[in-house]
Amino acid sequence: MTVNPSSPSLFARTRQSDLWYSFTRQRSAVFAAVLLAVLIISAFTAPLYAPQNPFDPAQLELWNAEIPPIWLEGGQWPYLLGTDTQGRDILSAILYGSRISILIGIASVVFALLIGIGSGLAAGYYGGFVENALMRVGDILLSIPTILIAILVSAIVRELLPPALRDVGAAGVLVLAIVLSGWVQYARTVRAQTAVERRKEYVQAAQLLKVPARRIMFSHILPNTLTPILVAATLNFGMAILTEATLSFLGIGMPPSQPSLGTLIRLGNQFLFSGMWWIVLFPVLQLCLLVVSVNLLGDWLRDALNPKLR
Amino acid sequence: MIVFLIKRLANAAFVMLVVALMAFMIFRFVGDPVQLMVNEQTTQAERDELRERLGLNQSMPMQYLHFVANAVQGDFGISYRNQQEVMSLIAERFPATIELVLMATIISLVVGVPLGVITAIHRGKWYSEGLQFLSIIGVSLPSFVIGIMLILVFSVMFNILPAFGRGDVVSIGWWTTGLLTASGRAALILPSIALSFYQITLVMRLVRAEMLEVLRSDFIKFARARGVPAWRVHYSHALRNCLMPVVTMTAMNIGSLIAFALITETVFQWPGMGLLFIQAVTFVDIPVMAAYLCIVSFIFVALNTLVDITYALIDPRLRNAKA
Amino acid sequence: MFFKSTLLAGVAIACFATAGSAQTLRWGAARDINSLDPYSYGSTFTISFLNHVYEGLVRYNADLQIEPALATEWEVLPNNIWRFKLRHGVKFHDGADFTADDVVSSLARVSHPDSPLKGNLPAYKSATKVDDYTVDIELVGTYPLLLNDLTNIHMFDAGWLKDHNAELPTDVAKKVEGYPTFHANGTGPFSVESRVPDSKTVLVVNDNWWDTPKHNLKRIEFTPIASDATRVAALLSGEIDFTEKAPVQDLPRLEATPSVKVMEANELRTIMFGFNFHDKLANGQPNFFQHKEMREAVALAIDLNLIRDKVMRGKSRVTGTVVAPAIPGYDAALDVPTAYDPDKAAAMIKELGAEGFAFEIVCANDVWLNEEEICNAMVSMLTRVGLKPTLSIGPNAVQQIKQTNGEADMFSFGWANEPMLDAYSILLQVFQTKSDKAGVFNWGGWSYPELDKLIIAASTELDRTKRLALESQALKIVKDESIMLPFHQQPMAWATSDKVESVVQLSDNKGRHWLTRMTE
Amino acid sequence: MTIPALTVTHLSRLFNVSAPWLNRVIERKPKAYLRAVDDISFSVPSGGCLSLVGESGCGKSTVARLVTGLYTPTNGQMQFANGKNGKPLAAQMIFQDPYASLNPRWRVFDIIAEPLRELKLRETDAEITERVGELLTTVGLAPRDGRKFPHEFSGGQRQRISIARALATEPEFLVCDEPTSALDVSVQAQILNLMRRLQDEMGLTYLFISHDMSVVRHMSDQIAVMYLGRIVEQAATEVLFANPKHPYTQLLLETIPNVTDPKRDREVQSGEVPSPMKPPSGCTFHPRCPQADARCAAERPEMQAYSDGSRVACHRVAETMAALAVPLVGERRLSA
Amino acid sequence: MTQTPMLDVRALRVEFPGRHGTVTALADISLTIQPGEILGVVGESGAGKSMTGLAVLGLLEPPGHVAGGEVWLNGRRIDTLSDHDMEKVRGREIGAIFQDPLTSLNPLFSVGKQLIETIRLHLPLNRTEARQRAIDLLAEVGIPGPETRVDHFPHQFSGGMRQRVVIALALAARPKLIIADEPTTALDVSIQAQITSLLRRLCKDNGTAVMLVTHDMGVIAETADRVAVMYAGRLVEIGPVADVIARPSHPYTRGLMGSIPTLGARVPRLQQIDGAMPRLDAIPQGCAFNPRCPQVMPRCRTERPHLHPSGSGQSACFLNQPAQESAA
């Protein structure tokens, strides 16, 4: 091993790390990362260039309904990918829809992470009652299939919301539905990992110094539990997008006034046989690209971070 | 062993009680059942009387007790929409869902296990990398998209398989089966493929991961050092050590498949419990929602418990550890 | 492109489906029936389906004229009593004879206070058996429309009801499932062989039917397929022979398919939008819809022709009044749609100070044709004239609660005036001030005394001409006050496979398969 | 001999390993305890090194964790002498596994600085930096190594870091739990030498824990041999090696491979270590002891002190000594 | 020494294609084992001693592979055999024992099943005969009550007993060579002696040659006839055990011997070799030991010494080589 006289910068360390090496070696991972970056950036910068804001009803003009994509006969500028039956520009709709899907995905993963890591650390570190309680709650949530929890929560909470909030709160309800079934996995992973780490000698070394428990948990143990969590979070980000799309497809997700990709597919599905294939095909493609790229990345990450596969 | 059984069953019972509590809460708090049952001409007095008859004036714990007591006897009340006993409504749909789920499970094992073994043994070869890539696409495609695609290709484009429904069914006692008629079998193909798609990739990836894990283990190295031929190392020693988690996961996943089937059932208009549930959701048919929640959770918990117990019975390590 | 060629290929390949024999009609419906008990649920679709199994004393013929069915003749006696002579030799599916007892028992059941259908027989007081084949029905007052009502009051076998403890209508609260919910014993042209809800209901021909069958069917396999796309796929692949709801967007492709026949017509049903007339909106804000000018501005802001052309593919009939031309009481003079004038609408809104007025439009996505698209288009159009509408969309079961509770600021509404087939139906149930018997569907809470007077007068006017004039007068007030905004009569589109030779399609959009013939 | 830095008397530690309540009720089992440490007494000479030696599962690591306060004793006392600052000594610890004892996500600098920060031993960042550099130099690393992560170091270097961290608290008493058992011999020599050097330079007191007789011999002044939670023999190093009295000590010495004096072609049949969960009755070593009799199986032998300064818990030894009625001296081997 | 060696390894070279190019894990390994002889292979972790055993067995983990040299077993070259042929060599002609008895046995099969499998693979016995032989083998390795134990599963055995089962498996087909990779490392001290003595006795009785791979010089001293010392993937010294221990000729061996604390006399300071063994991807030029060698010469930094006779054995160090040798 060579001894470096100076500490390399984060960038240099990244460049040198095994992770970066494995990344550059894996063509599918590079492809997925680039694709994902393009999808996310295009979705979030959409207001700058999208021909239409599909969430603004005033911009939807029925006259422009059912225009085919630009390369087909009857295609019209600026509707590159055509319009749906409301006169909604498909390209704008999938960009804005992806933005909603991505935001819901991120929000649900972040909230699930916060809850899961917090409770998992506490349960793994203290054991006993905290752990038992967490395990029981987890048992219960895990004994109801995820999709069922999500459907019930979004169907029920929507009912309980005051009418004025129903539209606005739809995204929040979806996040809640996904978080509710998603955090258990993180909590269990962190708990298991914490239970392992807590017995390791570096933790005992810190305990010897009478470092407060909270500090041991967060500054010693937490960083060492993050690897599996990172993988799980990436894959769950994809799952969250899928769950959102599924709920929206079933009609209990995002409302048509703020369509996510799933909503667009649900709406477009009615026109599957009508020859207006572009209404459903492009959202389907976008959804698949999004999830495939996330999963490719997560899959690579799982292998790359698995010490056994090195 | 007895202790293990008791604990496992107690745990299952506890989980079910909590699930029942959730179902009860839904029942009690989402939408006023009276509001849903009466029409607009009903007077206040009539509403109160109905409330009384439905037992909605009792204290909350009493109502919960009633709910659980009834639920245990399979009485979940009457569907608001179908005006039929929820339990018999679900019992009617049960065979359809179970047939679909079992078929999907069989497909996932028959296809997934060999794929997993191939990709593990031939790790790094182009075709196993390709299969790996396909498996990622497999977990990324939402099942409704797969269903739509299958319908488009096999029903509309080639016109060789039915796009919806269950075909003709034959009744055997209270069970109905589509397996005994040609149209029933044909109708089962597309939905079970659509449902198994995700499961296939799960099985494949699990088998692959387990195989890789086992193939790295010392006893495999030692078996090879003993001169055990490669095929025997792979299929007798390694695969057997992988099958346990695969069978476990498959068995436990039947519960999620039942829940997941609701999407497939919606797309293919498959007359199972899931379709019933989705319709109940859109109609806020709360007795059906509550019953479905309880029943699917029950199947889920029962399977988990059963798998755990079976596991303890057959694994030589666990068997003796428990003694 | 891929999709297009796929579809063409699918059409080009000959249909493989040979599953149903020539005389089995496979009916793919957009929805399931609610029950086999016609008295359990006030659903027009369920009742029309059960017309294949059960019959009333009278029925509509192929020209929507009332003709004798189980009753052969009737006369009006003094004291609001109607005397019906019953048909001899009619047998129920289980072999029992049809007699006066059955009529008395059936009427008692349908008019029981717990019956959801009691509103379909509003003037009924009592029924008395005169002899085995004569029944007297007493009404509460003078009432011109009894026969219309009776077309859909189905006759049960009294003994069968008694045997199965079903003399009272099914009551959810008692937690008992009514025997007739899953069993049927009617006099109609078909009897029920089996029923699995949401899956399949099979009818077989009743060889002992009293009437001479015009159909040549042996079986009807009724399968609900809720998804438009799946239903169309099933039709294209020859898995079903008939659907009463071919999606309008798919009509061109269905019409272009040689193996599929499409039948289109306009329904009796008029689609309209209503307003909340209460002081406050559902969100507690002040309600501008109380102003007539506001309602008129909304009317001006909506381009009905555009909706017809784009959303309804040109298949609907834009209307200016709330009843269809075929409904007695219709007045052509009123049928002038409001001309589209967004500028004027915007100006009126500005004048009212209602710019940015936020409210919720409550629509369902499973009731009327393309309702979701219509409502979406409305949101766009109203937004452009300076309002801030939001759309609440969901299944009817959910949305209707909001509508009946007055939580809907604007709502979609459809009325076909069935089974009465008279404008009195909508006037009584929708436009009259809400009271015990009237204004059941007066969801907005409007009240116009002069309108009420006209409606009450019409209800007791036995002279048809005078009655219709009263009704037209009432409808004019409805239009002048813009109580509801009529949109269109929605199209109905039926599609059959080439195995179906003829189907009778009437404007009430009800399948009458006792008149259907299949190719042999 | 100087005042002991640590005196341990009748120290016990039980671990509750009972089956859960339900199991106990149904299977009618009593509560089960693992006597990891069972009534042991010893003292560590100030500035010296006491070694605890024994096979895996004998409880020696538990003693280390009891002494450092990571575990609380079930019974017995631990008395630390006062240190230079007048307060009782606090034990610091060097751990066995150089891979697990350093937080892999922390830089070496932060690992060593943590005690300084936690115990507020240095105020400013500059002082901390200086002190960390000093410590790294002390253990034979360079100050700039502080910028690296533990995984960039070899096992021996990590153990040096571990020592530096322990030294950061300016301890006078160090508990070393098998500090070299994970290292290769050539590196082990480096670490042992370093520890000896530090002891000389800083006057450290060691409680040294190991299973390796030759390492123990190299490091310690006093040796206590543990078997299933109990000390069976304690003596000064040279005394123990010259004249092991307890049959278990003899077995250990006999079975250890000896490079310089290999005992080839012997066949040792010494049985296996029983589970500490179900220790044998009486003298726990009796099932494996070639000299055991009925008394050994029935009666637990007490510790007895002998004139050469050793203390042994063995009926046979006591009987022989009593029979000889002479204090045992010199290099006689009892097993002969 | 006209006898055909049981194992003859000639200039063996093993490479691992890796991230920064190909890593040479073993280079220029040449050793022989005579029938009935126990050769100890000793070295610190990472020296390549286990890999030598695996290379002989043909069980290198891909992408590692034999990149040069030859392996002869009893006069037959085996490194070029196909996988299929190698399966017949392993177990039948070369037995193997691995470090961890806990994980060496398939947990789902009874030990009898695993024994019978191995026996029937290599010997023409029927089930009953094979079973009887399995019981005999268990008895031979000192497992009490072999008739009942044969049907037990691995987890029902203690660590020492399990290693005995592993030895029984290795001996099942009476191979002429056993490769024992750290057979005692995972065991308790008092058990280690039992296992080494058992191994030694059995091999002596059967005339089996053994390659005993270990890091423990004491085990070598007590068990082996000759010893090969490895450092950084190369052999540095090979010779009779007593000579190597008493008169090590390579500076590394000398350092190694000096750093072992002995039960004999107590020294204030142990002799120590500074630094650590290089990783395989960073082996210095010339003699791999040169950065740590107290007697390093300029030549050591550029040129690699080969094994050369020295005393009763061979060593790879210029100190022990005539100057002209290196020029050749």
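Up top is the structure.
Summary of the structure given here. Worth saying up front: this structure is predicted, and the values here are computed from it rather than measured.

1. Here's the deal with the overall build of chain B
(1) Moving on: Scanning chain B from N- to C-terminus turns up 13 helices and two strands.
(2) Moving on: Relative to its 323 residues, chain B shows a buried fraction of 56%.
(3) Moving on: In chain B, once contacts between residues fewer than 6 apart in sequence are set aside, the share between residues at least 24 apart is 71%.
(4) Moving on: Taken as a whole, chain B presents about 12,400 Å² of accessible surface, with 70% of it coming from carbon and sulfur.

2. Examining the packing of aromatic side chains
(1) Moving on: In total, this model carries 48 aromatic pairs over all chains according to the counting rule given.
(2) Moving on: Each ring, one from F222(B) and one from F98(E), has its centre 6.0 Å from the other, and the planes form 75°; the classification is edge-to-face. In this pair, F222(B) is assigned in helix α9 (residues 218-225) and F98(E) in the loop between β6 (94-97) and α3 (101-104), connecting two distinct chains.
(3) Moving on: Given the relative accessible area of 4%, F98(E) is considered buried.
(4) Moving on: Residues Y54(C) and F156(C) carry aromatic rings whose centres are separated by 4.8 Å and whose planes lie at 50° to one another, so their mutual orientation is tilted.

3. Comments concerning unusual backbone geometry
(1) Moving on: Residue W77(A) is joined to P78(A) through a cis peptide bond whose omega torsion reads 0°.
(2) Moving on: As for its position among the elements, P78(A) is in the loop between α4 (46-49) and α5 (90-126).
(3) Moving on: Positive phi outside glycine occurs at R313(C), with the angle close to 55°.
(4) Moving on: Secondary-structure assignment places R313(C) in the loop between α10 (304-311) and β13 (317-318).
(5) Moving on: In the Ramachandran plot, E170(D) falls in the positive-phi region, its phi being about 50° despite a non-glycine side chain.
(6) Moving on: Relative to the assigned elements, E170(D) resides in the loop between α5 (155-168) and β6 (173-177).
(7) Moving on: Residue class for E170(D) comes out partly exposed when judged on its relative accessible area of 42%.

4. Quick look at the environment of V215(D)
(1) Moving on: Tracing the chain through its elements places V215(D) in helix α7 (residues 213-219).
(2) Moving on: Residue V215(D) is classed as buried on the basis of its relative accessible area of 1%.
(3) Moving on: The sequence separation of V215(D) and Q188(D) amounts to 27 residues, and the corresponding C-alpha distance is 9.1 Å.
(4) Moving on: With residues up to four places along the chain from it excluded, the contact list for V215(D) reads T180(D), Q188(D), L192(D), F208(D), S210(D) and P261(E).

5. Side note on the interface of chain A and chain B
The accessible area lost on association of the parts is a frequent measure of interface size.
(1) Moving on: With 39 residues of chain A at the contact, the number on the chain B side is 48 residues.
(2) Moving on: Summing both sides of the interface, chain A and chain B together bury roughly 3,600 Å²; the carbon and sulfur share of this comes to 80%.
(3) Moving on: Counting every contact that joins chain A to chain B gives one salt bridge.
(4) Moving on: Between D299(A) and R205(B) there is a salt bridge, with the nearest N and O atoms lying 2.2 Å from each other.
(5) Moving on: Linking chain A to chain B there are two residue pairs in polar contact (both at pLDDT 80 or more).
(6) Moving on: Looking at the side of chain A that touches chain B, the elements with two or more residues in it are α6 (128-142), α7 (146-160), α11 (213-249), α12 (261-269) and α13 (277-305) of chain A.
(7) Moving on: When residues of the side of chain A that touches chain B are assigned to their parent elements, the largest contribution, nine residues, is made by α13(A).
(8) Moving on: Of the residues in the side of chain A that touches chain B, the class split is 27 nonpolar, six polar and six charged.

6. Regarding the state of the cysteines
All names here are of chain C.
(1) Moving on: If you walk through the whole model with that rule in mind, you get one disulfide over all chains.
(2) Moving on: Put simply, C363 and C375 are joined by a disulfide, and their sulfur atoms are 1.9 Å apart. Because the sign of the S-S torsion sets the handedness, a value of about -95° for the bond joining C363 and C375 places this disulfide among the left-handed ones. Highlighted residues: C363 in strand β14 (residues 358-364) and C375 in helix α12 (residues 371-384), separated in sequence by twelve residues.
(3) Moving on: Look at C363 and you get buried, because its relative accessible area is 0%.
(4) Moving on: Judged by its relative accessible area of 0%, C375 is buried.

7. A closer look at the pattern of salt bridges
(1) Moving on: The full count for this structure, using the stated rule, is 69 salt bridges over all chains.
(2) Moving on: The partner of E67(C) in a salt bridge is R59(C), with the nearest N and O atoms 2.6 Å apart.
(3) Moving on: Taken together, the shared-partner salt bridges in this structure form one network comprising D293(D), R295(D), E299(D), R316(D) and E319(D).

8. Re the environment of E355(C)
Residue and element names in this part refer to chain C.
(1) Moving on: Structurally, E355 can be placed in the loop between α11 (342-352) and β14.
(2) Moving on: Taking the C-alpha atoms as reference points, E355 and V232, 123 residues apart in sequence, are found 44 Å from one another.
(3) Moving on: Here E355 is in contact with I349, K350 and G386, once residues within four sequence places are set aside.

9. Points about the pairing of strand β9 (residues 230-236) of chain D
Residues and elements named next belong to chain D.
(1) Moving on: Buried residues dominate β9, accounting for six of its seven residues.
(2) Moving on: Inspection of the sheet shows strand β8 (residues 222-227) paired to β9 by six bridges, in the antiparallel sense. Along β9, the bridge assignment pairs Y227 with R230.
(3) Moving on: Counting the residues between successive antiparallel strands, the hairpin from β8 to β9 contains two residues, one of them, L228, with a positive phi of roughly 45°.

10. Here we look at α11(C)
Residue and element names in this part refer to chain C.
(1) Moving on: Listed as buried for α11 are A345, M348 and I349. Considered in projection along α11, the buried side chains sweep an arc of 100° and stay on one side of the axis. More than 90 degrees from the buried face of α11, the exposed residues found are D343, K350 and E351.
(2) Moving on: Residues of α11 that are buried in the fold lie against α9 (292-301).
(3) Moving on: Where α11 ends, the next residue or the one after it, G353, has phi of about 75°, a positive value.

11. Details of the side chain of H154(C)
All names here are of chain C.
(1) Moving on: Along the polypeptide, H154 turns up in the loop between α4 (146-150) and α5 (158-163).
(2) Moving on: For H154, the side chain forms a polar contact with the side chain of N51, separated by 2.8 Å.
(3) Moving on: The contact partners of H154, leaving out residues within four places of it in the chain, are P38, Y39, I47, L50, N51, Y54, E55, G56 and S106.

12. A short note on the sheet that holds strand β1 (residues 7-18) of chain E
Residues and elements named next belong to chain E.
(1) Moving on: The sheet built from four strands is open, its strands ordered β2-β1-β4-β5 with antiparallel pairing. Edge positions in the sheet fall to β2 (21-33) and β5 (76-77), since each has one partner strand and no second.
(2) Moving on: With seven bridges joining them, β1 and strand β4 (residues 65-73) adopt antiparallel strand pairing. Among the inter-strand pairings, V9 is bridged to a residue of β4, identified as V71.
(3) Moving on: Helix α1 (residues 49-57) rests against β1, β2 and β4 of the sheet, and its axis sits at about 105° to β1.

13. Description of a nonpolar patch on the surface
(1) Moving on: Together, I2(B), L5(B), I6(B), L9(B), W21(D), V25(D) and I26(D) give the surface a local cluster of nonpolar side chains, amounting to about 650 Å² of exposed area.
(2) Moving on: Taken together, the elements giving at least two residues each to the nonpolar patch come down to α1 (2-29) of chain B together with α1 (21-27) of chain D.
(3) Moving on: Per-element tally for the nonpolar patch: the top contributor is α1(B), with four residues.
(4) Moving on: Relative to the elements of secondary structure, I26(D) occurs in helix α1.
(5) Moving on: Overall, the relative accessible area of 33% leaves I26(D) in the partly exposed class.

14. A look at the sheet that holds strand β11 (residues 311-312) of chain D
Through backbone hydrogen bonds, the strands of a sheet pair up, either in parallel or in antiparallel fashion.
Residue and element names in this part refer to chain D.
(1) Moving on: The eight strands lie next to each other as β5-β6-β7-β3-β8-β9-β11-β10, forming an open sheet whose pairing is mixed. Every other strand in the sheet has two partners, leaving β5 (91-94) and β10 (304-305) as the edge strands with one partner each.
(2) Moving on: Two elements, strand β3 (residues 49-53) and strand β7 (residues 205-210), share five bridges in a ladder whose sense is parallel. Residue pairing for β7: S51 is matched across the bridge by F208.
(3) Moving on: Taken strand by strand, helix α9 (residues 247-255) contacts β8 and β9, and its axis lies near 100° from that of β8.

15. Looking at the nonpolar core
(1) Moving on: Counting 171 residues, the largest nonpolar core has I151(A), F144(B) and F277(B) as the members making the most contacts within it.
(2) Moving on: It is α13(A) that contributes the most residues to this core, 19 residues altogether.
(3) Moving on: Not counting the four nearest positions on each side in its chain, F144(B) is found in contact with A245(A), T246(A), F249(A), I265(A), L287(A), I263(B) and V267(B).
(4) Moving on: Among the nonpolar cores identified, the runner-up in size contains 159 residues, and F275(C), A345(C), M348(C) and F431(C) belong to it.

Each value, and the rule that gives it
Residues numbered from 1 in each chain as written. Chains lettered and ligands numbered in written order. Predicted model: local features only at pLDDT ≥ 70, side-chain atom pairs only at ≥ 80, totals over all residues. Heavy atoms only, no water. Helix = DSSP H or I, 4+ residues; strand = E, 2+ residues; numbered from the N terminus. Buried < 20%, exposed > 50% of the residue type's maximum accessible area, 1.4 Å probe, protein only. Contact = heavy atoms within 4.5 Å. Areas by Shrake-Rupley, 256 points an atom, 1.4 Å probe, with all protein chains shown as cover. Phe/Tyr/Trp six-rings, centres within 6.5 Å; stacked < 30°, edge-to-face > 60°. Buried area = accessible area lost by both parts, 1.4 Å probe. Salt bridge = Lys/Arg side-chain N within 4 Å of Asp/Glu carboxyl O. Polar contact = N/O pair within 3.5 Å; in protein donor to acceptor, adjacent residues only side chain to side chain. Nonpolar A, V, L, I, M, F, W, Y, C, P; charged D, E, K, R; others polar. Disulfide = S-S within 2.5 Å. Pairing = 2+ DSSP bridges. Arc of directions from axis to C-beta. Axes fitted to C-alpha atoms, helices over the stretch in contact; angles between N-to-C directions. Patch = residues over 30% accessible without salt bridge, like charges linked within 9 Å, V, L, I, M, F, W, Y side chains within 5 Å. Core = buried A, V, L, I, M, F, W, Y, C linked by side-chain atoms within 4.5 Å.

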